[in-house]
Each structure stands twice: as C-alpha cells, then as structure tokens.
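Structural overview for review
Residue-level listing of the chains:
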Amino acid sequence: MPQSAEKILDHAPLFREPEYRQMLAEKKLNFECPHSDQIVTDQGEYTKTWEYREKNLAREALVVNPAKACQPLGAVFAAAGFERTMSFVHGSQGCVAYYRSHLSRHFKEPSSAVSSSMTEDAAVFGGLKNMVDGLANTYALYDPKMIAVSTTCMAEVIGDDLHGFIENAKDEGSVPLEFDVPFAHTPAFVGSHVDGYDAMVKGILEHFWKGKERTKAAGTINIIPGFDGFCVGNNRELKRLLNLMDVSYTFIQDASDQFDTPSDGEFRMYDGGTRIKDVRAALNAEATLSLQHYNTRKTLEYCREVEQATASFHYPLGVEATDEFLMKVSEISGKEIPETIRLERGRLIDAMADSQSWLHGKKYAIYGDPDFVYAVARFIMETGGEPIHCLATNGTSAWEAEMKELLASSPFGKDAQVWPGKDLWAMRSLLFTEPVDLLIGNSYGKYLERDTGTPLVRLMFPIFDRHHHHRFPLMGYQGGLRVLTTILDKIFDKLDRESMQIGVTDYSYDLTR
Amino acid sequence: MSLDYENDSALHEELITQVLSQYPHKAAKRRQKHLSVATDREEVGEEGLTISECDVKSNIKSIPGVMTIRGCAYAGSKGVVWGPVKDMVHVSHGPVGCGQYSWSQRRNYYVGTTGVDTFVTMQFTSDFQEKDIVFGGDKKLEKIIDEIEELFPLNKGLTIQSECPIGLIGDDIEAVSRKKAKEYEKTIVPVRCEGFRGVSQSLGHHIANDAIRDWVFGKAEVEFETGAYDVNVVGDYNIGGDAWASRILLEEIGLRVVGNWSGDATLAEVERAPKAKLNLIHCYRSMNYICRHMEEKYGIPWMEYNFFGPSQIEASLRKIAKHFGPAIEERAERVIAKYQPLVDDVVDKYWPRLQGKRVMLYVGGLRPRHVVTAYEDLGMQIVGTGYEFAHNDDYQRTGHYVKKGTLIYDDATSYELDKFIERIRPDLVGSGIKEKYPVQKMGIPFRQMHSWDYSGPYHGYDGFAIFARDMDLAINNPVWDLYDAPWKKVRAPAAAVAAE
C-alpha cells in the first residue's frame, strides 16, 4: 500500500508506485486496444522529420495548438482597465465563464464580467430582452460606474444591433439615460484578442469623445498599453519613468490595479483603472501613444480623426525600443529625459556587457502576440542572440513585413524566419528540424519543451503554471534587466544540470560563471 | 461516521431575504425559487437516517446580467464527457476561443504519447473566419479531417464539438461525418453541443451521451471475451488521477474494470461498454443518460456509488460487492479492513486540526453532495452547498447528505455567493477558479473543487489522504493571520496550526 498518513504521496509519485504501474500496464494491455509500441515510436520519430514538417506547414484548414484567443477576451481585459467598469458580454453565457477563468488563472486574481445569457429562444428572436433585463440586473447588483458591452460570436452571427439594443434598454429604464454604456462588436471569427482589445478601447473613446469639442492641451500624452498580461508590472514601471520625466500623461486603459488587489480582508470587485473624467479629458491630449501597434490600429485611426498626433510602438522592451519610446515622449512633452533614467539605461547596458559571453550567438524561437514577438526579437539581437523562428498565430502580412525589416537591420537576424498565422504544432516541427537554444513564449510552450527539449522562458500571457511573473515589469530598462536575468538563469540552470554527473561531467560544474 | 449537527436556519433565511432585496423585482422573483434552507423531511431513509428537504428550482435559464458561474453545452460535451477520451481527436469546431480557454484545464490524467497516439492536452480547432460563417464550414471540416488523418494517423477516431455558430449557420456536420467515416473507416462523431443550447453545461452532457448512443454503440464489431465480474466505471474523469485511485480498489475486490468513462479512456473502452455486467456511475449528473440507455437496450443494471471519504467508500464497496455475491463481498471486507489502518491514521492526524471547521461548497453537478461525508469524516461541517447545473433529482439526492439548516443555492450568482460567504464566514470554501480569489481576498481559506486545486486524486483511500492533507494546509496556513496590518484594528486571529 503506497499511501500513508505520515508521508502522503501526491499524484506524481503516487502513480509511479509499483501497484499503480502494474495496474496501468494491465489496463493498457487488456482494455485499451493500443497501437503497438513500435508503431507509436515510429510515428513519433516521423513527426520529427523534414518530411513531416513540410506536410505540417502545408496545412490549410486545421489549426493545432494556436497561440491566440478570441476577440471578446481582449474586450473584457480592456474594460477591466477603466474605473468601476463591468464587462457585459452579449451572447452565450459559457463564453464569459471562459474569459473569467482564463484571466484568473493567469493573474491569480478575481475577474468579473457578466453575460446576457442568451439561449435558443434568443437565437431565434434576438437578444433584446436579454440586454434589457441584463443591464438592469448588472446595474442593480454590481454598482458599476460604466458597463462596457461586447459580443460573443453567437450574437454576431444572428446580427444583434448593440447600439439599438442599448438605446432600447435605456428607454425601458434598465439604467439611467445618462449612464455610460459604451460598446464594441467583437466577433470571435475575426482577428484575435488583440483586435477585441482595440475594438473595446475605441468603443469607449468614441462613447466619450464623439461630438465633443477638443481643446488641445499642448504637451499632454495619452498612453494605450494594449493587451498585456504583464500590465501589472509594466504599467507601474512606465508610470514611474513618466513621473521621473514630469510628463503630463493619461493611461487609457490600465488594469494594473484591477489585477493586483491586496489581500486585506476585503474583496474589491473594482480597483483602479482609468477614471471616467480622465477618459473625457484625454480628448484634449496632444498625442496618443500606443505601446502595442497591432492592438490599437483602429483606435489610433480614431485618435487621428479627432486630430491627435499618434505614434505606436512594439512593446517597448530592451534598450533601443525603450530609448525610442522615451525620446518620443520627450519630443511631444518637451520634457527632457532626466539623468536618473540615463543612469538606469547605463545599468542595463552594464549588465548586458557583463553577461554578453553567455548570450552571444544563442539561438531563439519566439512566439506570441505580434508586438511582443517583435520586441523580444529586437532585444535578443541587442544581446548578440539570434532569433531563428519568430511566430505569431495572430500575425498579419504587415507584421511579417515589419519583422523582416527588423531582422534585416542586424547581422544577428540573418538566419531568422518569420511565421505569421502558424500555430504551436507548426513550431514543434520547426524546433525538431531547426533546433534552437531557447524558446520564448507562454505556458503553452511547456508542451514544446517536453517534446523537443528546448528550455522555455515564459514571458507572455498566459502564464498559468508559474506564479507572479506578471507582477514584475518587462518594459523599460528595468524590464530589460529582468528579461536578461530570466534568460541567463535559464541558460545557467541548463549548464549546471548538464554538468552535474559526479565524476563524469562535473569537471564543468563551475562555481563561477 | 456520521456527525450530528444542525445549521442556523434563521440566519440563513435572513441572508436569503437580504440578497433578494438587492435585485430588481422581476429578477428577485425568479432567484427566490433557487435559494432555500434545508428542512427535516417526514420520510426517514435507510438505516433510520434523517433526510433533509432541499426544495429549490433548478435546471432553468440563468438570469441575464447577474454573473452566473455556469458554462455552456460545449463545456459539458468537449470539456467534460468527450475531451478525456484519449485516443480520439476532438475538434473544437468554430472560432478559436472555446477550444483555447478549455485547453488542458480539466486535468484529465492519462498515459500516452501526446500528439502521436493520444491527444487530450491538445487544442484542435477549425478556427472559423468570417468567410466560414458566410459560406458555411462543411468544406473546411472535410479538409480538417483529411489533414488530421495525414498528420495524426494513429488517432482511433474523431469527434466534432460544435461551437455556437455551427447550429446558427446551418452546417451539416452529420453529413460530413458520415462521408468521412466511410472514407477512412473510422469513428467520427458529430456533437451538437453549441453553447447556446440549454441552460448550462448539463445539456451538453446529455447531448454527448446521446452522441455515444447514436454514433458509437453498435457501429463497430467488438470482439471481447467477457467475464462475470466485468464493470464499467462511468462518470469518472480521472481528475488528478481519481479514476486510477478508484480502479485499484475495484480490482482489489475482484472486479474487472473493462471500461472507464471517460478519464484515461480509449474508444475501445467506450465501444465495448454494452458487454459489461454492471455500470458503476460516479458522476450521475453527466452520464446517467447513457446508463439508462444501456439498461433499456442491453439490460445492464447501473448503480450509483461514492468514493469520497472512507464512510462512503466503505458503504459503496459493500453495495457494489453485494451485487456480485458472497465471493466478492468477502474480498470487499478484506479490502476495507486492509485500508482501515490508513483511514485511522489519516483521521487521527487531521481530525484535531479540522474538527468543527465549517465549509461552504459551490460546485458542479455531483460534488456538492458527494464530498459532504468526506468532510464529515474529518470532523468538519457543511453549512451551505449548491450546484451550478443540477436537476431536481440531484437536489433530492442531496437531502440524504445535508443537515437541517444548510443553506442551499442553485445557479448562485457571484453577488449571492459573495454575500453569503461574507456573512457566514465559513472556515473553508470549496468552489471554482472564478470564486477562488474573491474568497481568498476576504481572508477565507479556499480549495478549488473542480480541479482539486492542481492536486488530487481525491477519490479512493489513497485520495482521501491527499484530500485531508489539502484541507488542512488550506485552513491552517499562517497567511490568513497576516491580513491585518498591526497598526490597524486587529481581527480575531484564526490561529494557524503548523504543518505536521
């Protein structure tokens, strides 16, 4: 009997006990009707070949292990970045359970959103009644300051008209006439979560800015972070830098407090976020900067329509990307970059110089959202590393072109390949046929690490199987230091693991590296 | 072991009145039917045990805008019933999200070479684009099946798990499945589990069960040498290895588990099910349909059992053994006796640390009643319980488990749960990921009771030890006493107990 009260075995060791091993072996033999071990081994080996890779990359319809989610997730994340805002997703209710779970599993935080709970009758007659009742209930129960409406694919397929429905609901008294109910259509069958983010932020800006007179306030800046699982660390770090520069700025969409509430006995359904009055005032800003270009294409277009200057970045991480961001802020605000920030920059460079021998020539596969992949590839090249595979399931041809331009700008990018629209099953073939030293992505990459033995560095949403990474920034020079350290730890841990065998490899088990 | 206690009916009645007062009139009227306090029933159960009345309405539509915890039919079919069948490829048919959010989240343990002959922790999706909505997705589905056959040829079959748009745009996935099944001589199962169908996960379970009946049973020649003690375990999804910790006991008492549905299952185990002598059903809610069908069509009796906590394991082993006669009964007694020292050690170790602790549960369709006795075996008390997607027959069965005065909530909203928990301030809440963090913010210990909070197994004797350890570490961790800054007013400390 393997289990005892004294030493309680968890699932991993428990099922390796002889009783269970025998039981599972017999189950397989007698009841599972498996393929022979030889056939399984052969097929497993075949999946590692170039021939398999070619078939795998030639797929036209099937998607396996994609690195993207659907639009409404982005909309729910976006809405969480505004003061006392409840997300109301119009359509089937299961979707909302999924978004909430997904966000909670990453942030280890509450995630609140409601559904209009449409069912078969609503599919036939439309979801107006659900909207009317739903808004009234949400308003009464959850005391929001704003309700941000987005849609699931069900509501989009049947063609529900959000604008009309919300007007109707207001007429029926579900919420007061002047209560803010911005909305965005977020069909899951178009784009990905980054587009849902874009649509929701644009919907909120339009709601507050439409028809309003703009009085330009020179030197003031809006900042839109984009969908960012590291918003907790990143937004706070950027605010610190902007405060050091004494810039007048407004974060438009800031979920850093919402997804990092303290444990002190009180459950805060809402915390932080961009204040409604600041959203209104943000119309007057001289410029709006997007930290993630592919998250804000429509929003920035709208900002230009209201005659704001705009600029967008690709997740300002690393040296030059941070330089560019700060210089842009300096240019618009007319504020100088203070000496303290120059010293911070110098410290990052110092760290990179100290460690360069361990990083030079290292090969990487990078996947994730388009702006993130761009940012990481750029920083990797700054350290002397070589991006080999750059993959974004939600990357477009425009992204591909931008990536190629970036990679062509450095000798370290000459061997890189860009894979827009591909998934992680494609990445598996890439890693088997053209191996790399490190894989950078999110928790889903752990299956690639298991199958191909490529060490995984988790730097992007979602991270389910490691805790608290998102509480520390990736952006700015401080963020760069953290990314650098994370990569180095992975390299050193691997070196140590590979030189640990006593009397065999431990001549290389160096104390100082 | 049966604990004798009663909960505070008056307080619970008052809480219900309070939460209902916050709803708009129409919603309050509807929610009222889902909330109640268990009362004594006239009727007395087996062995003279009192049965409570848990009289709530259930399995009806959630109210819009109230933050129901429920999921959808797709979650019930792909996420629960079909997803764990390990040697089949389950295609999430429609846009990318549903498959993405449910990818690897139910911890259905299995053994196999993932991506080669097993596919559970993978996300296969048709990733619908606008053109698929406009022109239909059937051609794409055909191509997807071709590509799966080329890249994953060792799959034993496919299921097509419909997402919302499929039913709305009028795709004929049945025709595609028939055509391709013939072409590849494989089992291909179309499942109409679009998320808008029904009111919760529950209809998805039913639809998935019906798909087994219509698209698996009787389709393939099953050659199998049967035995007198062949049983199927139905409704055990092997979360954290639950089904393994159960199987070991059933084998020890001399039964042959010829199929496990659906944790760690292969298609062969599903196909051969009608040849078994008895269906043992753990999650009644999600798989009673197929058991009833097998009873009607193949004459296989079915029996509910409960492998949470020693009291129920013991009773279940005896009940199961009785069905097979003295030889098995004798072996069952030996098995119970064999594990008694482990049970005694676990209870001796944890009872003093957990005795009298009050627990609130809010889970899916089985555990809100099935785990009650496991807590009581450790001296803990259940003050409130409720289901996301139960039916009337579940609440009837709940009466056998809960004590008078227990707060009962069906399809609870976040608002209700938060208020109930805030006022009752139990020592532990067992619910899901969406509930975990709000509860912990309040300073109340929490365990996820869908995923076992990444632990498990909790079934069987081996699982009970882990269950006891987990409840202890949740409740007696020192962090709960650190919530108040010392320069602020101090709450009464909960007094942690150091791990043993």
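Just so you know, these numbers come straight off a predicted model, no measurement behind them.

1. Some thoughts on the overall build of chain B
When its secondary structure is counted, chain B shows 20 helices and 16 strands. At 23 Å, chain B has a C-alpha radius of gyration in line with the 23 Å of a compact globule built from 500 residues. Each of the three principal axes of chain B carries a C-alpha extent, and together these read 70 × 60 × 45 Å. For chain B, buried positions account for 68% of its 500 residues. Within chain B, contacts between residues separated by at least 24 positions form 72% of all contacts whose residues are at least 6 apart in sequence.

2. Comments concerning the domain arrangement of chain B
Residue and element names in this part refer to chain B. The domains assigned to chain B are domain 1 (9-65 + 355-454), domain 2 (73-215) and domain 3 (230-335). Taking only C-alpha atoms into account, the centre of domain 2 sits 27 Å from that of domain 3. With 21 residues of domain 2 at the interface, the matching set in domain 3 holds 22 residues. Across the interface of domain 2 and domain 3, roughly 1,800 Å² is buried in total on both sides, 64% from carbon and sulfur atoms. It is Tyr109, Asn209 and Ile212 in domain 2 that bury the most area against domain 3; as a group they hold 27% of the surface buried on that side. Counting across the interface, domain 2 meets domain 3 through one salt bridge. Asp264 is the salt-bridge partner of Lys86, the closest N and O atoms lying 2.8 Å from each other.

3. Let's talk about the confidence of the model for chain B
Per-residue pLDDT for chain B averages 96, and the proportion of residues at 70 or more is 96%. Overall fold confidence for the complex sits at a pTM of 0.98, while the interface term, ipTM, reaches 0.98.

4. With respect to the packing of aromatic side chains
Applying the stated rule across the entire model yields 43 aromatic pairs over all chains. Here the aromatic rings of Phe217 of chain B and Trp261 of chain B are separated by 6.1 Å at their centres, their planes lie at 45°, and the arrangement is tilted. In this pair, Phe217 of chain B sits in the loop between α9 (201-215) and β8 (230-236) while Trp261 of chain B sits in strand β9 (residues 256-262), placing the two residues 44 residues apart along the sequence. You can call Trp261 of chain B buried: its relative accessible area is 0%. Through pairs of rings, three or more aromatic residues link up here, namely Phe77, Phe107, Tyr197, Phe227, Phe259 and Phe461 of chain A.

5. As for a negative patch on the surface
Together, Glu6 of chain A together with Asp344, Asp345 and Asp348 of chain B make up a negatively charged patch on the protein surface. Taking relative accessible area as the criterion, Asp348 of chain B reaches 56% and is therefore assigned exposed.

6. Let's talk about the UniProt feature "domain: Nitrogenase/oxidoreductase component" (unreviewed entry) in chain B
Taken from the UniProt record, the annotation "domain: Nitrogenase/oxidoreductase component" (unreviewed entry) applies to residues 72-473 of chain B. The span residues 72-473 of chain B shows a helical share of 48% and a strand share of 15%, and its end C-alpha atoms are spaced 33 Å apart.

7. Quick look at the domain arrangement of chain A
Residue and element names in this part refer to chain A. Its domain assignment divides chain A into domain 1 (71-209), domain 2 (221-339) and domain 3 (340-481). Each of domain 2 and domain 3 has a C-alpha centre, and the two are 23 Å apart. With 37 residues of domain 2 at the interface, the matching set in domain 3 holds 35 residues. Carbon and sulfur atoms supply 60% of the area buried between domain 2 and domain 3, which totals about 3,300 Å² over both sides. It is Phe230, Tyr294 and Glu339 that lose the most area in domain 2 upon contact with domain 3, and together they represent 24% of the buried surface on that side. Put simply, domain 2 and domain 3 have five salt bridges between them. Of the charged contacts in the structure, one is a salt bridge between Asp323 and Arg345, with a shortest N-O distance of 2.8 Å. Viewed at the interface, domain 3 and domain 2 are joined by 24 residue pairs in polar contact (both at pLDDT 80 or more). Counting only elements with at least two residues in the side of domain 2 that touches domain 3, the list comes to α12 (231-245) and α15 (319-333). Here the side of domain 2 that touches domain 3 gets nine residues from one element, more than from any other, and that element is α12. Split by residue class, the side of domain 2 that touches domain 3 holds 19 nonpolar, nine polar and nine charged.

Conventions and cut-offs
- Note that residues are indexed from 1 along each chain, following the sequence as it is written.
- Following the order in which they are written, the chains are lettered starting with A and the ligands numbered starting with 1.
- Reporting in this predicted model follows two pLDDT cut-offs: at least 70 for local features of residues, and 80 or more for side-chain atom pairs to be given and counted; totals over whole chains, interfaces and linings ignore these cut-offs and use all residues.
- Working from all heavy atoms in the structure, the side-chain values ignore hydrogens and water.
- A run of H or I in DSSP counts as a helix once it spans at least four residues, and a run of E counts as a strand once it spans at least two, with each numbered from the N terminus.
- A radius of gyration in this sense is built from C-alpha atoms; the matching globule rule multiplies 2.2 Å by the number of residues raised to 0.38.
- The buried label goes to any residue with under 20% of its type's maximum accessible area, the exposed label to any with over 50%, and the partly exposed label to all in between, with areas taken from a 1.4 Å probe on protein chains only.
- Only heavy atoms matter for contacts: two residues are in contact if any of them lie within 4.5 Å across the pair.
- Segment limits for the domains were obtained from an automatic or database-derived domain assignment.
- A quick way to say it: buried area is the sum, across both parts, of accessible area lost when two parts are put together, with a 1.4 Å probe.
- Salt bridges are defined by distance alone: a side-chain nitrogen of Lys or Arg within 4 Å of a carboxyl oxygen of Asp or Glu.
- The predictor attaches a confidence to each residue, called pLDDT, with possible values from 0 through 100.
- Only Phe, Tyr and Trp rings are paired, with Trp represented by its six-membered ring, and only when their centres lie within 6.5 Å; those with planes under 30 degrees apart are stacked, over 60 edge-to-face, the remainder tilted.
- What goes into a patch is any residue over 30% in relative accessible area without a salt bridge, connected to like charges within 9 Å or, for nonpolar side chains (Val, Leu, Ile, Met, Phe, Trp, Tyr), within 5 Å.
- Surface accessibility in these figures is a Shrake-Rupley result with a 1.4 Å probe; residues are shielded only by whichever protein chains are displayed.
- The charged-residue count follows a simple rule in which Lys and Arg add positive charge and Asp and Glu add negative charge, with His and chain termini not counted at all.
- Where a charge lies is defined by one atom per residue type, namely NZ (Lys), CZ (Arg), CG (Asp) and CD (Glu).
- UniProt positions are given in the numbering used here, feature names are shortened, and annotations may be inferred rather than shown by experiment.
- Polar contacts here mean pairs of N or O atoms no more than 3.5 Å apart (in protein, one a potential hydrogen donor and the other a potential acceptor; neighbouring residues in sequence count only if both atoms are side-chain atoms).
- Just so you know the grouping, Ala, Val, Leu, Ile, Met, Phe, Trp, Tyr, Cys and Pro go in nonpolar, Asp, Glu, Lys and Arg go in charged, and all remaining residues, Gly too, go in polar.

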